[in-house]
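The lines below spell out each chain.
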Amino acid sequence: MIILPSTYLGSVEYFAHLAQHGGDCVIDLHENYVKRSERNRARIMTANGVMELSVHVCNANRPRTPMRDMRIDYSKRWQHQHWVAILSAYRSSPYFDYYAPMLEPFYTRHYEFLADYNTELTRLLLKAAGIDAELRFSEAYVEAAPGDTDLRLKKRESRMVSPRYFQLFSDRWPFVPNLSFLDLLMSEGPSSIGVLRDCRL
């Protein structure tokens, strides 16, 4: 079994697991929220290098809050900031004009819970990439068994080996693996699924 956290604009590795082993993946919404993790953060490539985007949440410092109960904080304009960053980073990418209209509503519409926001965004990215994977969710906290792959661990080091793909700003920055899947999708479009299937996990 592959145990996944709920993620915001999940990584290439995250989507590679869904593309290669969708039926064996389960998303744990009953784990405790982990600050400064991919649950509310994503990394994209920009003209100035890698940028981290962070969804603002309420009571982030409250210990042992289940992920399913984390509420989004709209008191600051993080949605606007994220969309401006995505526009700046990817508007010259080959597939931006195709995918941007699907993404934009996620930066104007309000969701109460982070898990709901992440889930709908993940479903959109799966559909956009042509990945036929039904998301499965745990009904309680998942205890990892020997042999399970647990992507919830904050300090886990990725062992994924990803094929290189065309990455914007490659004229000034070296290739950066395992950014948000959005980076791959904007660059490779429908061919993204082939890159995911060729990842060694």
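Residues numbered from 1 in each chain as written. Predicted model: local features only at pLDDT ≥ 70, side-chain atom pairs only at ≥ 80, totals over all residues. Heavy atoms only, no water.

Novice: How should the environment of P66 be read in this particular structure?
Specialist: Along the chain, the position of P66 falls in the loop between strand 4 (49-54) and helix 2 (78-90). Sequence separation between P66 and Y141 is 75 residues; the distance between their C-alpha atoms is 9.3 Å. Setting aside chain neighbours within four positions, we find P66 in contact with L29, H30, E31, N32 and Y33. (Helix = DSSP H or I, 4+ residues; strand = E, 2+ residues; numbered from the N terminus. Contact = heavy atoms within 4.5 Å.)

Novice: Would you mind going over empty space enclosed by the protein with me for this structure?
Specialist: Once rolled over the atoms, a probe with the size of a water molecule shows which space is left empty. Applying the stated criterion across every chain, the model contains one cavity of 30 Å³ or more. Taken as a whole, the largest cavity holds about 30 Å³ of empty space. Lining of the largest cavity is provided by S6, T7, Y14, I27, N118, T119 and T122. Its residues assigned to classes, the lining of the largest cavity comprises two nonpolar, five polar and no charged. (1 Å grid on protein atoms, 1.4 Å probe; cavity = no way out; pocket = protein on both sides within 12 Å on 5 of 7 lines; lining within 4 Å. Points joined across faces, edges and corners; volume = space filled by probe spheres on them. Nonpolar A, V, L, I, M, F, W, Y, C, P; charged D, E, K, R; others polar.)

Novice: Which parts of the structure should I look at to understand the pairing of strand 4?
Specialist: Regular strands show a simple pattern: their side chains alternate between the two faces of the sheet. Pairing of strand 3 (residues 41-46) with strand 4 involves six bridges; the strand directions are antiparallel. Residue T46 lies in a different strand from strand 4, and its bridge partner there is G49. (Pairing = 2+ DSSP bridges.)

Novice: I tried to follow the environment of L125 on my own but got confused; where do I start?
Specialist: Turning to its location among the elements, L125 is positioned in helix 4 (residues 114-129). Residues L125 and K155, 30 residues apart in the sequence, show an inter-C-alpha distance of 25 Å. Not counting chain neighbours up to four residues away, the residues in contact with L125 comprise L9, F15, L103, F181 and L185.

Novice: Even after reading the chapter, I still don't get the layout of surface pockets, so can you show me in this structure?
Specialist: Approximately 590 Å³ is the volume found for the largest pocket. What lines the largest pocket is a set of 29 residues, and nearest its centre among them are S11, E38, R43, R156 and N178. For the lining of the largest pocket, the secondary-structure elements that each account for two or more residues are helix 1 (12-21) and strand 3. If you tally residues by element for the lining of the largest pocket, the top one is strand 3, at three residues. A class-by-class count of the residues in the lining of the largest pocket yields eleven nonpolar, eight polar and ten charged. Its boundaries defined by the atoms lining it, the second largest pocket holds a volume of some 180 Å³.

Novice: Would you mind going over helix 3 (residues 96-103) with me for this structure?
Specialist: The α-helix advances 3.6 residues per turn, and as a result positions three or four apart in sequence lie on the same side. Among the residues making up helix 3, those that are buried are F96, Y99, A100 and L103. Across the axial projection of helix 3, the buried residues extend over an arc of 115°, all falling on one side. Exposed residues on helix 3 whose side chains face more than 90 degrees from its buried face are D97, Y98 and P101. Taken together, the buried residues of helix 3 touch helix 2, helix 4 and helix 5 (181-188). (Buried < 20%, exposed > 50% of the residue type's maximum accessible area, 1.4 Å probe, protein only. Arc of directions from axis to C-beta.)

Novice: Please explain the packing of aromatic side chains as it appears in this structure.
Specialist: How two aromatic rings sit relative to each other is set out by the distance from centre to centre and by the angle between their planes. Counted under the stated rule, the structure contains 13 aromatic pairs. Relative to W78, the ring of Y74 has its centre 5.9 Å away and its plane inclined at 25°; by these criteria the two rings are stacked. Overall, W78 belongs to the buried group, its relative accessible area being 0%. When the centroid spacing of 5.5 Å and the interplanar angle of 25° are considered together, the rings of W83 and Y107 count as stacked. A residue pair is termed long-range when its members are at least 10 positions apart, and W83 in helix 2 and Y107 in the loop between helix 3 and helix 4 qualify at 24 residues. Like W83, the residue Y107 is buried in the burial classification. In this structure an aromatic cluster arises from ring pairing among Y8, Y74, W78, F106, Y111 and Y117. (Phe/Tyr/Trp six-rings, centres within 6.5 Å; stacked < 30°, edge-to-face > 60°.)

Novice: Could you clarify how one ought to interpret the environment of M70 in this entry?
Specialist: Along the polypeptide, M70 turns up in the loop between strand 4 and helix 2. Given the relative accessible area of 1%, M70 is considered buried. A sequence separation of 117 residues divides M70 from S187, and the C-alpha atoms of the two residues are 32 Å apart.

Any link to function would need more than the numbers given here.
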